[in-house]
Amino acid sequence: MRRRRPDFFMVGAPKSGTTAMYSYLRKHPDLYLPERKELRFFGSDLEIRDRPSLTSDEYLDYFRDARPTQRIGTAYVWYLYSRNAAREIAEFAPEARIIAMLRNPIEMLHALHGEHLSNGNEEIEDFTDALDAEADRRDGKRIPPHAHLPQALWYSTVARYTDQLERYVAAFGRERLHVILYDDFAADTPGTYARTLRFLGVRDDLRPASFDVVNASKRIRSEGFRHFLSRPPEFPRRIIRRTVPGPLRRTLYERAKALNVRAALRRPMAQETRERLTRQFNEEVERLSAFLDRDITQWTAIEAQRRGD
């Protein structure tokens, strides 16, 4: 008997509300999304370090508890960025639906830098300096020793949404792609949620009792503990791998990571950096406006950026 595969995929972008939407969708009785959100199985072009890919059996095991009447969903925010993931997902689940959540690239990159600092993928504290390091990092230089996804440090490429979306249109067709803007999600969470349910073909009159804030900005508590979690000593690592089942290892790892971060406000972005990114992404936002058939050029309006809107 062929094991069930996901009916829909949340593919990114990072820091655009996917964690919150995932948590809300998990509460719907007609949907099944596993407790673990970031299941990496596709995206063969992504250079993931110290985190082995799931096998096919391991991946499908995460969906084994779904009821026959439920639609299965999963998420990995770097599938949008990946050049290969759209094609690979289509080969695996050709009838799947795709959800992409997008955020103003200027705000997304600022938030992503903070996320990288909290999870060990970044070590340059200043956002502007991190942007300036991109050229070196494309050449393999100045990569943090514990970085798990060096390509995610190519900040300017992460925010090239239009090319990324076009790969999914080519693989699935426009009707199977649902794009959510972070602005809409923040301004009208219940309405955005209901529209997503309709896209997935499930009842849209069922919603969580509340839409709590999920995945607020964080800061690391202990660099040493983070490094220990990223690369524990070889001997205890072998013992743990032999004696602790994989799903339990992952649960304990995620809990330990969560204990090592605290909620914190991001450092404000320098105005010069904001205006630099505004100029850099102006053309991209115009392309995205045309793709979505919606004017979102306020994202890169100089006057708005000077006000910090």
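Notes on the structure in this doc start here. What you see as residue numbers is a count from 1 along each chain, following the sequence as written. The predicted nature of this model means local features are confined to residues of pLDDT at least 70 and side-chain atom pairs, given and counted, to a pLDDT of 80 or more, with totals for whole chains, interfaces and linings taken over all residues. The basis for the side-chain values is all heavy atoms of the structure; hydrogens and waters are excluded.

**Brief notes about the packing of aromatic side chains**
Centres within 6.5 Å make a pair out of two Phe, Tyr or Trp rings, where for Trp the six-membered ring is used; the pair is then stacked when the planes are under 30 degrees apart, edge-to-face when over 60, and tilted otherwise. If you walk through the whole model with that rule in mind, you get 13 aromatic pairs. Each ring, one from Phe41 and one from Tyr59, has its centre 4.4 Å from the other, and the planes form 10°; the classification is stacked. Of this pair, Phe41 sits in the loop between strand 2 (31-32) and helix 2 (56-61) while Tyr59 sits in helix 2; the two residues are 18 residues apart in sequence, bridging distant segments of the chain. Relative accessibility under 20% of the residue-type maximum defines a buried residue, over 50% an exposed one, and the middle range a partly exposed one, all with a 1.4 Å probe and only protein chains included. Looking at Phe41, the relative accessible area reads 23%, which means it is partly exposed. Considering the side-chain rings of Trp78 and Tyr81, the 5.6 Å spacing of their centres and the 80° angle between planes classify their relative orientation as edge-to-face. We note that Trp78, like Tyr81, is buried. Every member of this aromatic cluster is reached through a ring pair, and the members are Phe9, Phe41, Phe42, Tyr59, Phe63, Tyr76, Tyr79 and Phe92. Secondary structure elements follow DSSP: runs of H or I no shorter than four residues count as helices, runs of E no shorter than two count as strands, and numbering proceeds from the N terminus.

**Digging into helix 14 (residues 271-292)**
Its axis deflected by about 45° at Phe281, helix 14 carries its strongest bend there. All buried positions along helix 14 are accounted for by Thr273, Arg274, Glu275, Leu277, Thr278, Phe281, Glu284, Val285, Leu288, Ser289, Phe291 and Leu292. Remark: Asp293 follows helix 14 within two positions and exhibits a positive phi of approximately 55°. The angle between axes fitted to the seven residues ending at a residue and the seven residues starting there is what we call the bend at that residue.

**Some remarks on the packing of helix 1 (residues 18-26) against helix 10 (residues 189-200)**
For helices, the fitted axis covers only the stretch in contact; all axes are lines through C-alpha atoms, and the angles between them, taken along N-to-C directions, range from 0 to 180 degrees. It is at 11 Å that the axes of helix 1 and helix 10 come closest, and there the two elements cross at 65°. With respect to helix 10, the element helix 1 is oriented roughly perpendicular. In terms of crossing hand, the pair formed by helix 1 and helix 10 is right-handed. Across from Met21, Tyr24 and Leu25 in helix 1, the residues of helix 10 making contact are Thr189, Thr192, Tyr193, Thr196, Leu197 and Leu200. We call two directions roughly parallel when the angle between them is under 35 degrees, roughly antiparallel when it is over 145, roughly perpendicular when it lies between 65 and 115, and oblique otherwise. Here a crossing is taken to be left-handed if its near helix is turned anticlockwise relative to the far helix by less than a right angle, and right-handed if that turn runs clockwise. Only heavy atoms enter the contact rule, under which two residues are in contact if any of them lie within 4.5 Å.

**Some words on the environment of Pro208**
Position of Pro208 relative to the elements: it lies in the loop between helix 10 and strand 6 (218-220). Measuring from C-alpha to C-alpha, the distance between Pro208 and Leu25 comes to 8.7 Å, with 183 residues separating the pair along the chain. With near-sequence residues (within four places) excluded, Pro208 lies in contact with Tyr24, Lys27 and Tyr193.

**Re the nonpolar core**
Throughout, nonpolar core names a set of buried Ala, Val, Leu, Ile, Met, Phe, Trp, Tyr and Cys residues whose side chains join them through atoms within 4.5 Å. Ranked by size, the top nonpolar core spans 64 residues in total, and within it Phe9, Tyr59, Trp78, Leu102, Leu109, Leu165 and Tyr168 carry the most contacts. At six residues, the largest contribution of residues to this core is made by helix 14. Leaving out residues up to four positions away in the same chain, Trp78 has contacts with Val11, Pro14, Leu46, Leu112, His116, Leu149, Ala152 and Val158. Core analysis: the second largest hydrophobic core is formed by 19 residues, Met21, Tyr24, Leu25 and Phe199 among them.

**Remarks on the sheet that holds strand 5 (residues 177-181)**
One requirement defines pairing of two strands: DSSP has to find at least two bridges between them. What the five strands build is an open sheet, ordered 2-3-1-4-5; its pairing is parallel. At either margin of the open sheet sits one strand with a lone partner, and together these are strand 2 and strand 5. Pairing between strand 4 (residues 97-102) and strand 5: five bridges, direction parallel. Residue pairing in the sheet places Met101 in a bridge with Ile180 of strand 5.

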